[in-house]
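Residue-level structure breakdown
Single-letter residue listing:
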Amino acid sequence: MNFIDVDTCNRHKFGKSCSGDVFLSRRSADGASVCAVLADGLGSGLQANVAASLTGTMALEYITADVELRRAAEMIMDALPLCPERHISYSTFTMIRADIDGTVRLIEYGNPAVLHLRGPAALPIPRAAFTLPRWNGREMTYATFHADLNDRIVFCSDGVSQAGLGTDRFPFGWGIDNLASFLGERLAAAPDIGSADLAPLVVEQALQHDSGISGDDITCAVLHYRETRTLQVLTGPPFSRARDREYAAQLLIPGTLSVVCGGTTAEIVGRELGRPLAMSLTDLDPDVPATSEMEGAVLVTEGCITLSAAADMLQSGAVPPRANGATRLRDLFLHSDRIVFLVGTGVNPA
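Now for a quick tour of the structure. (Residues numbered from 1 in each chain as written. Predicted model: local features only at pLDDT ≥ 70, side-chain atom pairs only at ≥ 80, totals over all residues. Heavy atoms only, no water.)

**Notes on the pattern of salt bridges**
- Here the structure, examined in full by the defined rule, presents 17 salt bridges.
- A salt bridge links Glu 74 to Arg 71; its shortest N-O distance comes to 3.6 Å. Linking Glu 74 with Arg 71, this pair stays in helix H2 (residues 69–79), spanning 3 residues, or about one helical turn.
- For Glu 74, a relative accessible area of 15% gives the class buried.
- For Arg 71, a relative accessible area of 39% translates into the label partly exposed.
- In this structure, the salt-bridge partner of Asp 244 is Arg 271, at a minimum N-O distance of 2.8 Å. Here Arg 271 lies in helix H7 (residues 263–273) and Asp 244 lies in helix H6 (residues 244–248), a separation of 27 residues in the sequence.
- You can call Asp 244 buried: its relative accessible area is 4%. (Salt bridge = Lys/Arg side-chain N within 4 Å of Asp/Glu carboxyl O. Helix = DSSP H or I, 4+ residues; strand = E, 2+ residues; numbered from the N terminus. Buried < 20%, exposed > 50% of the residue type's maximum accessible area, 1.4 Å probe, protein only.)

Structural data, given as structure tokens:
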């Protein structure tokens, strides 16, 4: 267990310019823990966004400053004003601190219950409730539990649990039990799915239950305990040809995905390892050179143009409508935790 993958997906309420849900997370400098907060402001739109932003920012600063989680939650509850008309807090929240050793600490106030999934099965989380007289009946729940390698922690706003509210199929909303069943089906079909792919599936399913028009802000966040995904990129020939064999041998490192960028680089690796190149006839695009295939490499591309195109997509967030070598390279970057560039310094005589 050496990495905690965290990601989120959000759709704001139809007709609003911003979301009343705010998700914030922070990884410690040594990677030993991840702190995450999901705050849901009262109502929707700008006013809800302000309330949720203040709550989420306070919560994240407290728990990343090593304030004990329960004490941090108490300070937030003391600071949260009550709506004078509805007599409820201006924001609900979920606070999680996940340590790399598997220890998970959880505080919930008003948000749907957090789910702990081991494979497709949802495990019970032993919760305890607490309140203080000055909170006017408001109550929080807290829990500490252990997550194993490949476990997932899924939490959401009530835009997910109440999706489809009032419909014949879900008169009381989609609900947490149905969400757990949905996640179990998706995880059974794709056990290695990443957080960046699983969270949007939940949001899109909730949106379908709302007939495609979000009746509330919809947010889902996922924490996934898993092994580190390492990607290495070989690009450019070595300065000294005497190191060609050493350079090509990097492709053989176990547990690492390898990409080869550049025609000369691919020729060197293929020659030294005795692995022929075969041009791929899929994902052809006139704007980006075609890719090739080689045993041991997850992707073989042209060099400068493809790397530049992938960098532009990562910076702008825009993705062209058709797949090509650059979009495939971009996807590999986004689904990797550790990316190592092995850059040869040989001079291109052309």
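Structure shown, so let's carry the discussion forward.
**Focus: the sheet that holds strand S3 (residues 33–41)**
- Taken together, 6 strands build an open sheet; the order of strands is S2-S3-S4-S5-S9-S8 and the sheet is antiparallel. Of all strands in the sheet, those bounded by a partner on one side alone are strand S2 (21–27) and strand S8 (128–130). Each strand of the sheet is rotated relative to its neighbour by a mean of 15 degrees, with strand direction disregarded.
- Here strand S4 (residues 91–99) runs beside strand S5 (residues 103–109); their pairing, made up of 5 bridges, is antiparallel. What sits directly across from Arg 97, in S5, is Arg 105.
- Lying over the sheet, helix H1 (residues 45–64) contacts S2, S3 and S4, oriented at roughly 155 degrees with respect to S3.
- Here H2 sits on the sheet and contacts S4, S5, S8 and strand S9 (140–146); the angle it forms with S4, its principal contact strand, is near 165 degrees. (Pairing = 2+ DSSP bridges. Axes fitted to C-alpha atoms, helices over the stretch in contact; angles between N-to-C directions. Contact = heavy atoms within 4.5 Å.)

**Describing the pairing of S5**
- Counting buried positions over the 7 residues of S5 gives 6, a clear majority of the element.
- Taking the residues that link successive antiparallel strands as the turn, the S4-S5 hairpin has 3 residues, and the phi of Gly 102 there is positive, at about 100 degrees.

**Digging into the sheet that holds strand S13 (residues 257–261)**
- Within the open sheet, the 6 strands sit side by side as S14-S15-S16-S13-S12-S17. Their pairing is mixed. The open sheet has two edge strands, strand S14 (278–279) and strand S17 (338–343), and neither has a second partner.
- As paired strands, strand S12 (residues 230–235) and S17 are joined by 6 bridges and run parallel to one another. The residue bridging Leu 231 from the neighbouring strand is Ile 339, located in S17.

**Notes on helix H9 (residues 325–334)**
- Most of H9 is tucked away: 7 of the 10 residues are buried.
- Listing the buried residues of H9 in full gives Gly 325, Ala 326, Thr 327, Leu 329, Arg 330, Leu 332 and Phe 333.
- Next to the buried residues of H9 lie S12, S13, strand S16 (297–301), helix H8 (304–316) and S17.
- Of the residues flanking the start of H9, the one acting as N-cap is Asn 324, its side-chain oxygen 2.9 Å from the backbone nitrogen of Ala 326. (Polar contact = N/O pair within 3.5 Å; in protein donor to acceptor, adjacent residues only side chain to side chain.)

**Points about the nonpolar core**
- Counting 25 residues, the largest nonpolar core has Leu 115, Trp 174, Leu 179, Leu 183 and Val 202 as its most contacted members.
- Those elements that place two or more of their residues in this core are strand S6 (115–118), strand S10 (151–156), helix H4 (176–189), helix H5 (195–209) and strand S11 (218–226).
- Grouped together as the second largest cluster of nonpolar side chains are 20 residues, Ile 4, Leu 38, Phe 145 and Ala 221 included. (Core = buried A, V, L, I, M, F, W, Y, C linked by side-chain atoms within 4.5 Å.)

**Re the side chain of Arg 226**
- Looking at the element boundaries, Arg 226 is found in strand S11.
- Here the side chain of Arg 226 touches Asp 337 through a polar contact of 2.5 Å, side chain to side chain.
- If we ignore the near neighbours within four places in the chain, the residues touching Arg 226 are Asn 2, Phe 3, Asp 5, Leu 149, Asn 150 and Asp 337.

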